[in-house]
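# Coordinates in review
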2 protein chains.
Amino acid sequence: MKRVKVLKPVLVSNQQRAKENRSMFDRMNSLVINIIASPGAGKTSVIKNIVRHFKSRHQILVIEGDIKGQIDSQSISKLGVDVIQINTATECHLDAFMTAQVLPQIKKRYDLILVENVGNLVCPAEFDIGEDYKLAILSTPEGDDKPMKYPLLFHLAKVVVINKSDLLPYLDFDPQVAKKGIRRENPKAIISVASGDILKARFRKNF
Amino acid sequence: MKRVKVLKPVLVSNQQRAKENRSMFDRMNSLVINIIASPGAGKTSVIKNIVRHFKSRHQILVIEGDIKGQIDSQSISKLGVDVIQINTATECHLDAFMTAQVLPQIKKRYDLILVENVGNLVCPAEFDIGEDYKLAILSTPEGDDKPMKYPLLFHLAKVVVINKSDLLPYLDFDPQVAKKGIRRENPKAIISVASGDILKARFRKNF
């Protein structure tokens, strides 16, 4: 498989570039969170809730990764925070190089940089972009078996949000099964069960 | 971006291999459907419903693509059909080479071969595996904007299932918006709104 042969050097050079991005974020004293989930799991909603909660006290930047279009950027910028769009065209993830390309657009210091990765449980987990940590979102309609089937993301994420808990009465989703699956990959993960109004306590710890 | 540089020759050689797979499937007179959707959109449930409906009259094989594990293979094989598992390890999609690798395991003729791709809206759409057509599943909790944000799959799929319609009363999902998004990419797509018991009429046409 040719693709596997070339992936390794790409990942090595990505790692070097991620290290440089991380140094830059550290010099700006910005907390950078790489938010990863399936399409429609609630990445944009989680970001909006974090923005609403913290924007009065903190400078926030959102970096929006999408294959195509600016739907989410437009709706987030209405909240009055700065947004930078990255369109990946065919790529199913953000990587450290794409992130580095938009760094010159950052003209002031931000306390918090929220990066919305492309909707995908697989590839985005493989690419460090220089973030402080990964936040994974698992949406209840996806099923409680997903941490077992897509282990890498749950292994790497510092925070896992089990989202859309308001749908639990209508679904065959057992939060205990999901939590057990996450803990098997990552015993130290911070797991929040959330819907709509989200995650305030968990994020506060980082400020 | 080094990855883009190498992707093109990989896709060209994938296309050649897909053509060879397609010839083999044609010689066996098998209808091969490549089923693509996000994690948890209902690929396995759709497959099970198709199997239940057609297994008494047709020989069916299921090829299961997963990063890791055999959860779905085990539950599908309980229905009494043959299942072949492909574990992709780090790859976020099936390609024509992985499919070719399991072809020698096919020891008899099947009328219908259902291939469950890795849960992902992006990469699996890029790789022809030699199928007759792609079937995309869009689950209502993912949101009605997904055809706009992940256009390639909806552009290529012959059939699109809007699944989990039983959740519509609890969601902010407008089937007309979703259908319009799909039709913009693919005016000829066959669109079915489904939940649970699914799609019989649409599949019958292919037999």
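Residues numbered from 1 in each chain as written. Chains lettered and ligands numbered in written order. Predicted model: local features only at pLDDT ≥ 70, side-chain atom pairs only at ≥ 80, totals over all residues. Heavy atoms only, no water.

A tally of regular secondary structure across chain A gives nine helices and seven strands. Per-residue burial for chain A yields a buried fraction of 60% across its 207 residues. Considering only contacts within chain A whose residues lie at least 6 apart along the sequence, 73% involve residues at least 24 apart. (Helix = DSSP H or I, 4+ residues; strand = E, 2+ residues; numbered from the N terminus. Buried < 20%, exposed > 50% of the residue type's maximum accessible area, 1.4 Å probe, protein only. Contact = heavy atoms within 4.5 Å.)

What follows concerns the pattern of salt bridges. For the structure on display, the rule yields 17 salt bridges over all chains. Measuring nitrogen to oxygen at the nearest pair gives 3.5 Å for the salt bridge that ties Glu20(A) to Arg17(A). Here Arg17(A) and Glu20(A) lie together in helix 1 (residues 2-27), a separation of three residues that amounts to about one turn. Ionic pairing is found between Lys149(B) and Asp72(A), a salt bridge with its closest N-O pair at 2.4 Å. Of this pair, Lys149(B) sits in helix 6 (residues 146-149) while Asp72(A) sits in helix 3 (residues 71-77), placing the two residues on different chains. Exposure remark for Lys149(B): the relative accessible area of 7% places this residue in the buried category. (Salt bridge = Lys/Arg side-chain N within 4 Å of Asp/Glu carboxyl O.)

So, about unusual backbone geometry. Here Lys164(A), not a glycine, exhibits a phi torsion of approximately 60 degrees, which is positive. For Lys164(A), the position within the fold is in the loop between strand 6 (159-163) and helix 8 (175-185).

The subject of this paragraph is the relation of the copies chain A and chain B. With an RMSD of 0.0 Å, the operation that places chain A on chain B is a rotation of 180 degrees combined with a shift of 0.0 Å along the axis. What the superposition gives is, in effect, a two-fold axis relating one chain to the other. In this assembly, 98% of the residues forming the interface of chain A have copies in chain B that are likewise at the interface, indicating an isologous arrangement. (Least-squares fit on C-alpha atoms with pLDDT ≥ 70 in both.)

This part takes up the sheet that holds strand 2 (residues 60-66) of chain B. Residue and element names in this part refer to chain B. The seven strands are arranged 3-2-4-1-5-6-7 in an open sheet whose pairing can be described as parallel. Bordering the open sheet on either side are strand 3 (82-87) and strand 7 (190-193), each of which pairs with just one other strand. With strand direction ignored, the average angle separating the axes of adjacent strands in the sheet is 20 degrees. As paired elements, strand 6 (residues 159-163) and strand 7 share four bridges and run parallel to each other. Residue pairing for strand 7: valine 159 is matched across the bridge by isoleucine 190. (Pairing = 2+ DSSP bridges. Axes fitted to C-alpha atoms, helices over the stretch in contact; angles between N-to-C directions.)

What follows is about the sheet that holds strand 5 (residues 133-139) of chain A. All names here are of chain A. In spatial order, the strands read 3-2-4-1-5-6-7; together these seven strands make up an open sheet with parallel pairing. Edge strands, defined here as strands with exactly one partner in the open sheet, are strand 3 (82-87) and strand 7 (190-193). For this sheet, the mean inter-axis angle between neighbouring strands, taken without regard to orientation, is 20 degrees. Judged from the five bridges that link them, strand 5 and strand 6 form a sheet pairing that is parallel. Bridge pairing links leucine 138 to isoleucine 162 in strand 6. Along the sheet, helix 2 (residues 43-54) contacts strand 1 (31-37), strand 2 (60-66), strand 4 (112-116), strand 5 and strand 6; its crossing angle with strand 4, the most-contacted strand, is approximately 165 degrees.

Summed over the entire model, instances satisfying the criterion amount to five cavities of 30 Å³ or more. Roughly 80 Å³ of internal volume is contained in the largest cavity. (1 Å grid on protein atoms, 1.4 Å probe; cavity = no way out; pocket = protein on both sides within 12 Å on 5 of 7 lines; lining within 4 Å. Points joined across faces, edges and corners; volume = space filled by probe spheres on them.)

On the chain B side, the residues contacting the 44 residues of chain A number 43 residues. Counting the contacts that link chain A with chain B gives four salt bridges. The set of elements that each furnish at least two residues to the side of chain A that touches chain B consists of helix 1, helix 3, helix 4 (96-102), helix 5 (123-126) and helix 6 (146-149) of chain A. Per-element accounting of the side of chain A that touches chain B gives the leading share, seven residues, to helix 1 of chain A. Tallied by class, residues from the side of chain A that touches chain B come to 23 nonpolar, seven polar and 14 charged. (Nonpolar A, V, L, I, M, F, W, Y, C, P; charged D, E, K, R; others polar.)

Moving on, we get to the environment of Lys55(A). Inspection of the secondary structure puts Lys55(A) in the loop between helix 2 and strand 2. When sequence neighbours within four positions are dropped, the list of residues in contact with Lys55(A) reads Ile60(A), Leu79(A) and Val81(A).

Residue and element names in this part refer to chain B. Among the residues of helix 8 (residues 175-185), those classed as buried are Ala178, Gly181, Ile182 and Glu185. Considered in projection along helix 8, the buried side chains sweep an arc of 95 degrees and stay on one side of the axis. Helix 8 presents Gln176, Lys180 and Arg184 as exposed residues on the side facing more than 90 degrees away from its buried surface. Of the surrounding elements, those touching the buried residues of helix 8 are strand 5 (133-139), helix 6, helix 7 (151-156), strand 6 and strand 7. Two to three positions downstream of the cap, the backbone nitrogen of glutamine 176 sits 2.8 Å from a side-chain oxygen, assigning the N-cap of helix 8 to aspartate 174. (Arc of directions from axis to C-beta. Polar contact = N/O pair within 3.5 Å; in protein donor to acceptor, adjacent residues only side chain to side chain.)

Turning our eyes to something else, we now look at the confidence of the model for chain A. All names here are of chain A. Per-residue confidence for chain A averages 89 on the pLDDT scale, and 89% of its residues sit at or above 70. A low-confidence stretch, residues 1-5 stays under pLDDT 50, and its non-local contacts, those more than four residues away or across chains, total eleven contacts. Segment residues 197-207: pLDDT under 50, and 29 contacts once partners within four positions in sequence are set aside and those in other chains are kept. For this predicted complex, the interface confidence score (ipTM) comes to 0.77, while the overall pTM stands at 0.84. (pLDDT = per-residue confidence, 0-100.)

To continue, consider the pairing of strand 2 of chain A. Residue and element names in this part refer to chain A. Burial within strand 2 is extensive, with seven of its seven residues counted as buried. Along strand 2, one buried face is formed by Ile60, Val62, Glu64 and Asp66 and the opposite face, lined by Leu61, Ile63 and Gly65, is buried too. Pairing analysis gives five bridges linking strand 2 to strand 4, with the strands arranged parallel. For glutamate 64, the partnering residue across the bridge sits in strand 4 and is glutamate 116. Pairing of strand 2 with strand 3, which is carried by six bridges, proceeds in the parallel orientation. Bridge pairing links glutamate 64 to glutamine 85 in strand 3. With helix 3 bridging strand 2 and the parallel strand 3, this β-α-β connection has right-handed handedness. (Right-handed = clockwise from strand over helix to strand, strands pointing away.)

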